[in-house]
Amino acid sequence: MISKKFLNYILLIVIIVLVESSCTRNKTSKSNWSPQSLHLEIKSKGLKTLQSKREKALDVGLLITEKDSWVKGTISGSNKSKEKKIKLRLKGDWLDHLKGDKWSFRVKVTDSNKWNNLSVFSLQDPSTRSYLKEWVLHQWFEKENILTTEYDFINLKINDTSKGLYVYEEHFDKSILERYQREPGPIMKFTEDGLWEIRAARINKKIKRGEDYENLRSNTDVKPFKEKTILRSENLSDLYIAGQQLMFDYMHGNKPLGEIFDLNLLAKYYAIVDLTRGYHGVFWHNQRFYYNPNSKKLEPIGFDGYDDTGSDGLRVPFIGFNLALDIDENELLFSNIFKDFEFVEYYIKHLKKFCETEYLDSFISSIKNDLNNRKECVQNFKKDYKFNCDYIYSNSKKIELSIKPN
């Protein structure tokens, strides 16, 4: 008769083998990662329209999207399987998105079937977001349960021409909320159409940036993404009205910040942006918010941390450094945040936590394999590309030294 002790021993051996097998499979899957291939087919008429819009943008100095900017096409995998009908247009405001032959695109899948579970997404040269810096930023947002767009590398082919390495990025749709298991609710932004009209006129008049003040930030409107879908739903329309009011309250400082935002998530967002110095997304016209119907508050959506230069231009070690005391009152959005004592308590707490070496080591270790795979992928196309996470540790030391006297 087999003893109970022996059976337990055998069971333990089986569990160990299964765990090791699982770990091996996971390691293999990570090491075998490679970017998906995406094939874009655009007819000659559509290509001519895109070329014309690009030439106009180069002439004006920035891209202005118009109703006739969209053209038809199809997308498929590398073997042209599961071809899907799409509409696409050029994407990006500044000309870094239209350099050479690697243009940026906004794509809408018009078939009922989605691509990668996405119905709307962007395609762009990785250089427009400083390659791996943007990818790391998205991983960190995700780790801390901050809503962020799906962002990863692909190989792109347009008609018969390989365009090399691109990135795709999820647009602001319910797919974000589904991935994060959030309740359906509106995703909103401050409208920026007037901003780009002003900037186009300024370029035409050869006025340097900063010589005239863009006061639209306190006069802009608030609009939801998927506006037609939202307005067709009584429930979503009510949620949009509630979220829109909170964004106006945020813009004009009408309420305590804790009545507008989930302060813990907002503080995490700003602390991560400080550690990575991915400040491009905090400009007023780049901010995106989700109205959570459960908390009845706004949540930030993290994306677009970098431009093609990768530089942040901020002269202080973190964005809240003395900002509550010495601030340009025209910068109302920052004033309302960093003059709120309750927010600052959360913010400093998360800055301290994220600066800890143990925390940073754990986070970077968790993305190490995926990061190395993507670095190799980038280096296949850009031989001189180098990347490591030392910039995060360096930023953390500067922030740590600055928090104590502040």
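Computed from a predicted model, the values in this text were never measured in an experiment. (Residues numbered from 1 in each chain as written. Predicted model: local features only at pLDDT ≥ 70, side-chain atom pairs only at ≥ 80, totals over all residues. Heavy atoms only, no water.)

S.K.: Sorry if this is basic, but what is going on with the sheet that holds strand β2 (residues 71–76) here?
M.R.: Paired through backbone hydrogen bonds, the strands of a sheet run either parallel or antiparallel to each other. Strand order in the closed barrel made by the 7 strands is β1-β2-β3-β4-β5-β7-β6, with mixed pairing throughout. The mean angle between the axes of side-by-side strands here comes to 40 degrees, regardless of whether they run parallel or antiparallel. Pairing of strand β6 (residues 151–158) with strand β7 (residues 161–170), which is carried by 8 bridges, proceeds in the antiparallel orientation. What sits directly across from Asp152, in β7, is Tyr168. Along the sheet, helix α3 (residues 132–143) makes contact with β6 and β7, crossing β6 at roughly 135 degrees. (Pairing = 2+ DSSP bridges. Helix = DSSP H or I, 4+ residues; strand = E, 2+ residues; numbered from the N terminus. Axes fitted to C-alpha atoms, helices over the stretch in contact; angles between N-to-C directions. Contact = heavy atoms within 4.5 Å.)

S.K.: Which parts of the structure should I look at to understand a positive patch on the surface?
M.R.: Side chains of Lys43, Lys45, Lys67, Lys72, Lys85, Lys87, Lys108, Lys114, Lys174, Lys226, Lys228 and Arg232 sit close together on the surface and give a patch of like positive charge. Elements with a contribution of two residues or more to the positive patch: β3 (84–90) and α6 (227–232). (Patch = residues over 30% accessible without salt bridge, like charges linked within 9 Å, V, L, I, M, F, W, Y side chains within 5 Å. Areas by Shrake-Rupley, 256 points an atom, 1.4 Å probe, with all protein chains shown as cover. Salt bridge = Lys/Arg side-chain N within 4 Å of Asp/Glu carboxyl O. Lys, Arg positive; Asp, Glu negative; His and termini not counted. Charge placed at Lys NZ, Arg CZ, Asp CG, Glu CD.)

S.K.: Explanation requested: the pattern of salt bridges in the structure shown.
M.R.: Pairs may arise between side chains of opposite charge once their charged atoms sit close together. Within this structure, the stated rule accounts for 15 salt bridges. Here Arg374 ties to Asp370 by a salt bridge, and the two come within 3.9 Å at their closest N and O atoms. With a gap of 4 residues between them, Arg374 and Asp370 both fall in helix α11 (residues 357–381), about one helical turn apart. Relative accessible area serves as the criterion here: at 5%, Arg374 is assigned to the buried category. One connected set of salt bridges, linked through shared partners, spans Arg129, Glu134, Glu169 and Asp304. (Buried < 20%, exposed > 50% of the residue type's maximum accessible area, 1.4 Å probe, protein only.)

S.K.: Teacher, can you tell me more about the environment of Lys53 here?
M.R.: Take Lys53: it is sitting in helix α2 (residues 44–60). Taking relative accessible area as the criterion, Lys53 reaches 13% and is therefore assigned buried. Here the alpha-carbon distance between Lys53 and Leu63, two residues 10 residues apart in the chain, equals 7.9 Å. Not counting the four nearest positions on each side in its chain, Lys53 is found in contact with Leu63, Glu66, Asp68, Ser69 and Leu90.

S.K.: Which parts of the structure should I look at to understand the pairing of β3?
M.R.: Each regular strand carries side chains that alternate between the two faces of the sheet. The buried count for β3 comes to 5 of 7 residues, which makes it a mostly enclosed element. Bridge count between β2 and β3: 5 bridges; the pairing is antiparallel. Across the sheet, residue Thr74 finds its bridge partner in β3, namely Lys85. Bridge count between β3 and strand β4 (residues 105–109): 5 bridges; the pairing is antiparallel. From the neighbouring strand, Leu88 faces β4, where its bridge partner is Val107.

S.K.: What exactly am I supposed to notice about the packing of helix α8 (residues 263–276) against helix α10 (residues 341–355) here?
M.R.: Packed helices, taken two at a time, are described by the angle between their axes plus the distance between the axes. Between α8 and α10, the least distance of the axes is 8 Å, while the angle of their chain directions is 45 degrees. Classified by the angle their axes make, α8 and α10 are oblique. The chirality of how α8 crosses α10 is right-handed. On the side of α8, the interface is formed by Leu263, Asn264, Leu266, Ala267, Lys268, Tyr270, Ala271, Ile272, Asp274 and Leu275, while α10 contributes Glu342, Phe343, Tyr346, Tyr347, Lys349, His350, Leu351, Phe354 and Cys355. (Parallel < 35°, antiparallel > 145°, perpendicular 65-115°, else oblique. Left-handed = near helix turned anticlockwise from the far one by under 90°.)

S.K.: Just checking my understanding: could you explain the sheet that holds strand β8 (residues 187–190) for this structure?
M.R.: Reading across the sheet, the 4 strands line up as β9-β8-β10-β11 and stay open at both edges, with antiparallel pairing between neighbours. Among the strands making up the open sheet, the edge pair consists of β9 (222–224) and β11 (297–300). Averaged over all pairs of adjacent strands, the angle between strand axes in this sheet comes to 35 degrees, irrespective of strand direction. Alignment of strand β10 (residues 288–292) against β11, held across 4 bridges, turns out to be antiparallel.

S.K.: What is the right way to read the packing of α11 against helix α12 (residues 390–403) from this model?
M.R.: Where α11 contacts α12, the axes come no closer than 11 Å and their chain directions differ by 160 degrees. One element, α11, and the other, α12, form an angle in the roughly antiparallel class. Both α11 and α12 take part in a crossing whose hand is right-handed. Across the interface between the two elements, Thr357, Leu360, Asp361 and Ile364 from α11 touch Ile392, Tyr393, Ser396 and Lys397 from α12.

S.K.: In this structure, what is going on with the packing of aromatic side chains? I would like to understand it.
M.R.: What characterises a pair of aromatic rings is the spacing of the ring centres plus the angle enclosed by the ring planes. Evaluation of the coordinates by the stated rule reveals 24 aromatic pairs. With a centroid separation of 6.2 Å and 35 degrees between ring planes, the pair formed by Phe190 and Tyr250 is classed as tilted. In this pair, Phe190 is assigned in strand β8 and Tyr250 in helix α7 (residues 234–252), connecting sequence segments 60 residues apart. Three or more aromatic residues link up through ring pairs in this structure, and these residues are Phe141, Tyr269, Tyr270, Phe318, Phe321, Phe338, Phe343 and Tyr347. For Lys108, the ring lying beneath its charged end belongs to Trp70, and the centroid distance is 4.5 Å. For Lys133, the ring lying beneath its charged end belongs to Tyr391, and the centroid distance is 5.0 Å. (Phe/Tyr/Trp six-rings, centres within 6.5 Å; stacked < 30°, edge-to-face > 60°. Lys NZ or Arg CZ within 6 Å of the ring centre and 35° of its normal.)

S.K.: I keep staring at empty space enclosed by the protein and nothing clicks. Help me out?
M.R.: Unoccupied space between atoms shows up once a probe the size of one water molecule is rolled over them. Taken as a whole, this structure holds 1 cavity of 30 Å³ or more when the rule is applied. Estimates place the volume of the largest cavity at around 80 Å³. If you go around the largest cavity, you meet 13 residues; those closest to its centre are Tyr269, Tyr270, Gln287, Phe289 and Pro300. Taken together, the elements giving at least two residues each to the lining of the largest cavity come down to α8 and β10. Here the lining of the largest cavity is built from residues that sort into 10 nonpolar, 2 polar and 1 charged. (1 Å grid on protein atoms, 1.4 Å probe; cavity = no way out; pocket = protein on both sides within 12 Å on 5 of 7 lines; lining within 4 Å. Points joined across faces, edges and corners; volume = space filled by probe spheres on them. Nonpolar A, V, L, I, M, F, W, Y, C, P; charged D, E, K, R; others polar.)

S.K.: How should the side chain of Asn159 be read in this particular structure?
M.R.: Position of Asn159 among the secondary structure elements: in the loop between β6 and β7. Filtering out sequence-adjacent residues up to four positions away, Asn159 remains in contact with His39, Leu40, Glu41, Ile42 and Leu47.

S.K.: For this particular structure, what's the right way to read the confidence of the model for the protein?
M.R.: Low-confidence regions, as indicated by low pLDDT, have predicted coordinates that should not be scrutinised in detail. Taken over all residues, the pLDDT of the protein has a mean of 84, while the share at 70 or more is 79%. Per-element averaging of pLDDT across the protein places helix α1 (residues 4–31) at the bottom with 45 and β11 at the top with 98. For the stretch residues 14–30, pLDDT sits under 50, and the model shows 3 contacts to residues farther than four places along the chain or on other chains. (pLDDT = per-residue confidence, 0-100.)

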